[in-house]
Amino acid sequence: MNMEAFVLGCGGMMPLPYRHLTSVLLRRDGDLFLFDGGEGTQVSLRRLNLKWKKINAIFVSHTHADHVTGLPGIMMLSAQVDRTEPLYIYGPPKIAEYIETSRKVLDMYINYPVVVKEITAPCLVHEGDGFYIRAFPLSHTKTCVGYTLEELDRPGEFNPDQALALGVPRGPLWGKLQHGQCVTLEDGKTVSPEQVMGASRSGRKFSFVTDTQYLPSIAKEVRGSDLLICEGMFADELADQAKEKKHMTARQAATIARDAQVRRMAMIHYSPRYTDRELDQLLQEAREVYPSAELTRDRMAFDIPYVD
């Protein structure tokens, strides 16, 4: 089952000619999840040729304009196809008011159910076949949350040689064992899945963190992520400004990645004061703490493979 993250925009505060505002699309096989939807989200979706009209759910970190102004267009254009499945929208207080007001003022034509759920505490917000998505609190100038998508553990690998040695013939009985069922052989002997299956294997974890001051608790929430997309808005020289505005420096993002022992961390939500060339300063400072830190760029894709 494939899992990929597409950075639709990596900028913060205001769009630039070469940098749209923060938005990430996560594709897990047939499921599409959008994390924030800043201005320019639709442009990147079209340029990447993603099947964005079938987005299952949208997860909003907070209701500042640079994270939500792309949502009305997404909702309206999604109505241009036949759709019966609901669109779920999750976010902190005010997201329901924003969605409802946008629908009324813009006189939106929406031909599918829209379910908006506000998050008031750390909780499981969405779940599906083999995964769940959880929200956790951040600390910004208004209520803000981060998100993690975690897959359930996968069954261990099936050992066909062991099954044959125990007298289980090839065929349907192998399938039952792989699905966790005991089987009874013709001689009356029972074989359990534990006898032919290896140890369970971990699923994957994706985390999205933006617009927050540094909190040690974030590392606990994103621990073990296969991919952490994390705000790294300022360089060290603007640490005081970051603290005042409740944002993070690149070094603080790297500290979270290091402490959380994530497999991969890429920064997002850069201040518009930095040109693309100047982002190297953020990268160098982050790599002093977490050597494999990366920068996101608009329309960059990240594959998230299984690690056995």
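The rules behind each value
Residues numbered from 1 in each chain as written. Predicted model: local features only at pLDDT ≥ 70, side-chain atom pairs only at ≥ 80, totals over all residues. Heavy atoms only, no water. Patch = residues over 30% accessible without salt bridge, like charges linked within 9 Å, V, L, I, M, F, W, Y side chains within 5 Å. Areas by Shrake-Rupley, 256 points an atom, 1.4 Å probe, with all protein chains shown as cover. Salt bridge = Lys/Arg side-chain N within 4 Å of Asp/Glu carboxyl O. Helix = DSSP H or I, 4+ residues; strand = E, 2+ residues; numbered from the N terminus. Buried < 20%, exposed > 50% of the residue type's maximum accessible area, 1.4 Å probe, protein only. Core = buried A, V, L, I, M, F, W, Y, C linked by side-chain atoms within 4.5 Å. Phe/Tyr/Trp six-rings, centres within 6.5 Å; stacked < 30°, edge-to-face > 60°. Lys NZ or Arg CZ within 6 Å of the ring centre and 35° of its normal.

Q: What am I meant to see in a nonpolar patch on the surface here?
A: Residues Met76, Val105 and Leu106 make up a contiguous nonpolar surface patch of about 270 Å² in total accessible area. Within the secondary structure, Leu106 sits in the loop between helix H4 (95-105) and strand E6 (114-118). On the accessibility criterion, Leu106 (44% relative accessible area) is partly exposed.

Q: So what exactly am I meant to see when it comes to the nonpolar core here?
A: Generally speaking, nonpolar side chains in soluble globular proteins are found buried as a group. Counting 61 residues, the largest nonpolar core has Tyr147, Phe206 and Met265 as the members making the most contacts within it. It is helix H9 (residues 250-260) that contributes the most residues to this core, 6 residues altogether. Counting 24 residues, the second-largest nonpolar core is a separate cluster that includes Leu25, Leu34, Ile58 and Leu71.

Q: In this structure, what is going on with the packing of aromatic side chains? I would like to understand it.
A: Each aromatic ring pair is described using two quantities: the centre-to-centre distance and the angle formed by the ring planes. Taken as a whole and assessed by the stated rule, the structure comprises 10 aromatic pairs. Arranged with centres 5.1 Å apart and planes meeting at 20°, the rings of Phe35 and Phe59 form a pair that is stacked. Taken together, the positions of Phe35 in strand E3 (residues 31-35) and Phe59 in strand E4 (residues 57-59) put the pair 24 residues apart, joining distant regions of the chain. With relative accessibility at 0%, the residue Phe35 sits in the buried group. Chaining the aromatic ring pairs together yields one cluster made of Phe33, Phe35, Phe59, Tyr88, Tyr90, Phe131, Tyr147, Phe206 and Phe208. Here the guanidinium or amino end of Arg83 rests over the ring plane of Tyr112, the centre of that ring lying 5.0 Å away. Looking at Arg154, its charged tip hangs above the ring of Tyr306, at a distance of 3.9 Å from the centre.

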